[in-house]
Protein chains: 2
Amino acid sequence: MISRAESAAATRRALLDAAAELLDSGGLDAVTLRAVGARAGVTRGAPYRHFLDKESLLIAVGTRAWDTLGDRMQALRAEPGLSAAEKIRGGLLALIDVGRFQPHLYKLMFSNPPGDPTALARAAQRSQTEFLAVVADLVGEQEARRYAALLISSANGIAGLQASGQLADPKWGGVSAEDLTDTLVDMIAGKGRHA
Amino acid sequence: MISRAESAAATRRALLDAAAELLDSGGLDAVTLRAVGARAGVTRGAPYRHFLDKESLLIAVGTRAWDTLGDRMQALRAEPGLSAAEKIRGGLLALIDVGRFQPHLYKLMFSNPPGDPTALARAAQRSQTEFLAVVADLVGEQEARRYAALLISSANGIAGLQASGQLADPKWGGVSAEDLTDTLVDMIAGKGRHA
DNA sequence: CTCAAGAGATGACATCGTCAACTGAAACTC
DNA sequence: GAGTTTCAGTTGACGATGTCATCTCTTGAG
């Protein structure tokens, strides 16, 4: 027996799944409320029972993606038998992989919606805080903020270039996202060791 | 006396200007063909005499932005009395400044439009080639590709984080885009000196 | 059993991108 | 210079979309 509240929660989840799937497969343009509703088995008006408007639905999709990334960061940080540098590398690649395999979702995660420009930044907090802690293990509290910001920026940029296909340009000599990440981590780790 | 071709070229320019202004002030949502036409002194159908569709108009706006950035890169590279590191710093900040002061334009420059995913990447070529040459002056031909890709990625990420307002978060301890750029250039320059 | 609450369906409206048909003036041909 | 062509720009129309108001019907509380 499913209660009404459970049914409503299931619909909400179905709407989020449908929006995420449409986003992955067809980009932002493919995410229309009518298509989302149809894929979730309801009609175009139903989303308004669960979200304020389309923008709120998209923010919820992005927030959920940030949450799962935050889980991965947290698990990675707690992983025994990994050096700080390896954890950093893993965290960066976790972010980069989203950009690589779900470029549209990735863009959504870093967009700031007109209505509430801080919504997604708030959702990103836990991921970034976890990452900050790992970086602090390598370079110390003192410099962690600066380097963590630089690392996340760089990973963001690598993922962005990869998502837009520019990394594939032969001009860069076939360098991969992993190569860039390794180069970056090496530079930071070098700094850390000398400090 | 203005010929018909001159008038048409002027209209085309007015349409590009109008689209760029609307993009800057109100974001992508504010760029409707009707609004663009109105601001350029024509009606909604006129853009179709100069561009295939709305996407082509936006690509043209992004292309023009890449061209002016390419000009700045070229001028910077030719500037006498600047070290390679200073030129690199200047080039990175030129890119970052677009992200900072024209975030919507910046996003457009790095978006790959569904119709022609390679159009803007082609427009970015000259800027990146100029930059690549400057980096080669610092770290040598051999490693220039890798480091240039990393630098552009990082600058892209810094600009992106700044554009989405996340850099302002006190979590990062008030680090600025300039700080990150300097840290980055120092690391590369260190590498370059030791190589 | 009664009835309020709320999830979902549906009709309607404004706005958007786009196309087809039309208008008028500049540019070309003879 | 008259006739014709070309083409920038206008206008009307259409389908799609986000959103609101209204309606229906099931669920859960009293």
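All values derive from a computational prediction rather than experimental measurement.

1. Focus: the overall build of chain A
Stage number 1. Assigned secondary structure in chain A consists of 7 helices and 0 strands.
Stage number 2. Beginning at the N terminus, the succession of helices and strands in chain A can be written as α-α-α-α-α-α-α.
Stage number 3. Overall, the C-alpha framework of chain A stretches about 60 × 40 × 30 Å when taken along its three principal axes.
Stage number 4. Per-residue burial over chain A gives 47% buried out of 195 residues.
Stage number 5. With the model as given, the accessible surface of chain A reaches about 9300 Å², and the carbon-plus-sulfur share is 52%.

2. Some remarks on the UniProt feature "domain: HTH tetR-type" (unreviewed entry) in chain A
Stage number 1. The feature "domain: HTH tetR-type" (unreviewed entry), as given by UniProt, occupies residues 9–69 of chain A in the numbering adopted here.
Stage number 2. Spanning residues 9–69 of chain A, this segment combines 69% helix with 0% strand, and its end C-alpha atoms are found 22 Å apart.

3. As for the protein's contact with DNA strand C
Stage number 1. Within the structure, DNA strand C sits among 20 residues, and A:Thr11, A:Thr43, A:Arg44, A:His50 and B:Arg34 are positioned closest to it.
Stage number 2. Sugar plus phosphate: this is where 51% of the atoms of DNA strand C within 4 Å of the protein reside.
Stage number 3. Note that a phosphate oxygen of DNA strand C is positioned 2.5 Å from one of the side-chain N or O atoms of A:Thr43.
Stage number 4. Between A:Arg49 and DNA strand C, the recorded distance is 3.2 Å, taken from a side-chain N or O atom to a base nitrogen.
Stage number 5. Secondary structure elements with two or more residues in the surface near DNA strand C: helix H1 (4–26) of chain A together with helix H2 (33–40) of chain B.
Stage number 6. Element by element, the count of residues in the surface near DNA strand C is highest for H1(A), at 3 residues.

4. Thoughts on the packing of helix H1 (residues 4–26) of chain B against H2(B)
Residues and elements named next belong to chain B.
Stage number 1. Where H1 meets H2, the closest approach of the two axes is 8 Å, and the angle between their N-to-C directions is 120 degrees. Relative to H2, the element H1 lies oblique. Regarding H1 and H2, the two cross each other, and that crossing is right-handed. Side by side, H1 and H2 meet where Ala 14, Leu 15, Ala 18, Ala 19, Glu 21 and Leu 22 of the first sit next to Ala 35, Val 36, Gly 37, Arg 39 and Ala 40 of the second.
Stage number 2. Its residues assigned to classes, the contact of H1 with H2 shows 8 nonpolar, 1 polar and 2 charged.

5. Some words on the environment of B:Gly41
Residue and element names in this part refer to chain B.
Stage number 1. In this structure, Gly 41 sits in the loop between H2 and helix H3 (54–78).
Stage number 2. Look at Gly 41 and you get exposed, because its relative accessible area is 62%.
Stage number 3. Between the C-alpha atoms of Gly 41 and Leu 15, which are 26 residues apart in sequence, the distance is 8.8 Å.

6. Quick look at the UniProt feature "DNA-binding region" (unreviewed entry) in chain A
Stage number 1. The UniProt entry lists residues 32–51 of chain A under the feature "DNA-binding region" (unreviewed entry), expressed in the numbering used here.
Stage number 2. From the first C-alpha to the last, residues 32–51 of chain A spans 14 Å; its make-up is 40% helix and 0% strand.

7. Quick notes on the protein's contact with DNA strand D
Stage number 1. Not every one of the 20 residues close to DNA strand D is listed here, only the nearest: A:Lys54, B:Thr11, B:Thr43, B:Arg44 and B:His50.
Stage number 2. Within 4 Å of the protein, atoms of DNA strand D come from sugar and phosphate in 50% of cases.
Stage number 3. B:Arg49 is positioned such that a nitrogen or oxygen atom in its side chain is 3.2 Å from a base nitrogen of DNA strand D.
Stage number 4. Contact distances for DNA strand D include 2.6 Å between a phosphate oxygen and a side-chain N or O atom of B:His50.
Stage number 5. Those elements that provide at least two residues to the surface near DNA strand D are helix H2 (33–40) of chain A together with H1 of chain B.
Stage number 6. Considering each element in turn, the surface near DNA strand D owes the most residues, 3 residues, to H1(B).
Stage number 7. Along the lines of polarity and charge, the residues of the surface near DNA strand D split into 6 nonpolar, 6 polar and 8 charged.

8. Section: the packing of helix H3 (residues 54–78) of chain A against helix H6 (residues 119–163) of chain A
Residues and elements named next belong to chain A.
Stage number 1. Put simply, H3 and H6 touch, their axes get as near as 8 Å, and they point 10 degrees apart. Relative to H6, the element H3 lies roughly parallel. In contact with Ile 59, Gly 62, Thr 63, Trp 66, Asp 67, Leu 69, Gly 70, Asp 71, Met 73, Gln 74 and Arg 77 of H3, H6 contributes Ala 119, Leu 120, Ala 123, Ala 124, Arg 126, Ser 127, Glu 130, Phe 131, Ala 133 and Val 134.
Stage number 2. Residue composition of the contact of H3 with H6, by class: 11 nonpolar, 5 polar and 5 charged.

9. Remarks on the relation of the copies chain B and chain A
Stage number 1. By a simple turn and slide, chain B fits onto chain A: the slide is 0.0 Å along the axis, the RMSD is 0.0 Å, and the turn is 180 degrees. Expressed as an axis order, the relation between the two copies is that of a two-fold axis.
Stage number 2. A symmetric contact is evident, with 100% of the interface residues of chain B recurring at the interface of chain A.

10. Comments concerning H2(B)
Residues and elements named next belong to chain B.
Stage number 1. For H2, the full list of buried residues reads Leu 33, Val 36 and Gly 37. Taken end-on, H2 shows its buried residues confined to a sector of 95 degrees, consistent with a single buried face. Among the exposed residues of H2, those oriented more than 90 degrees off its buried face are Arg 34 and Ala 38.
Stage number 2. Lining the buried residues of H2 we find H1 and H3.

11. Side note on the environment of A:Ala18
All names here are of chain A.
Stage number 1. On the secondary structure map, Ala 18 appears in helix H1.
Stage number 2. Under the relative-accessibility criterion, Ala 18 is labelled buried at 2%.
Stage number 3. For the pair Ala 18 and Ala 8, spaced 10 residues apart in sequence, the C-alpha to C-alpha distance is 15 Å.
Stage number 4. Beyond its immediate sequence surroundings of up to four residues, Ala 18 is in contact with Val 36, Arg 39 and Ala 40.

Conventions we followed
- Residues numbered from 1 in each chain as written.
- Chains lettered and ligands numbered in written order.
- Predicted model: local features only at pLDDT ≥ 70, side-chain atom pairs only at ≥ 80, totals over all residues.
- Heavy atoms only, no water.
- Helix = DSSP H or I, 4+ residues; strand = E, 2+ residues; numbered from the N terminus.
- Buried < 20%, exposed > 50% of the residue type's maximum accessible area, 1.4 Å probe, protein only.
- Areas by Shrake-Rupley, 256 points an atom, 1.4 Å probe, with all protein chains shown as cover.
- UniProt positions renumbered as here; feature names shortened; annotations may be inferred.
- Near = heavy atom within 4 Å.
- Polar contact = N/O pair within 3.5 Å; in protein donor to acceptor, adjacent residues only side chain to side chain.
- Axes fitted to C-alpha atoms, helices over the stretch in contact; angles between N-to-C directions.
- Parallel < 35°, antiparallel > 145°, perpendicular 65-115°, else oblique.
- Left-handed = near helix turned anticlockwise from the far one by under 90°.
- Contact = heavy atoms within 4.5 Å.
- Nonpolar A, V, L, I, M, F, W, Y, C, P; charged D, E, K, R; others polar.
- Least-squares fit on C-alpha atoms with pLDDT ≥ 70 in both.
- Arc of directions from axis to C-beta.

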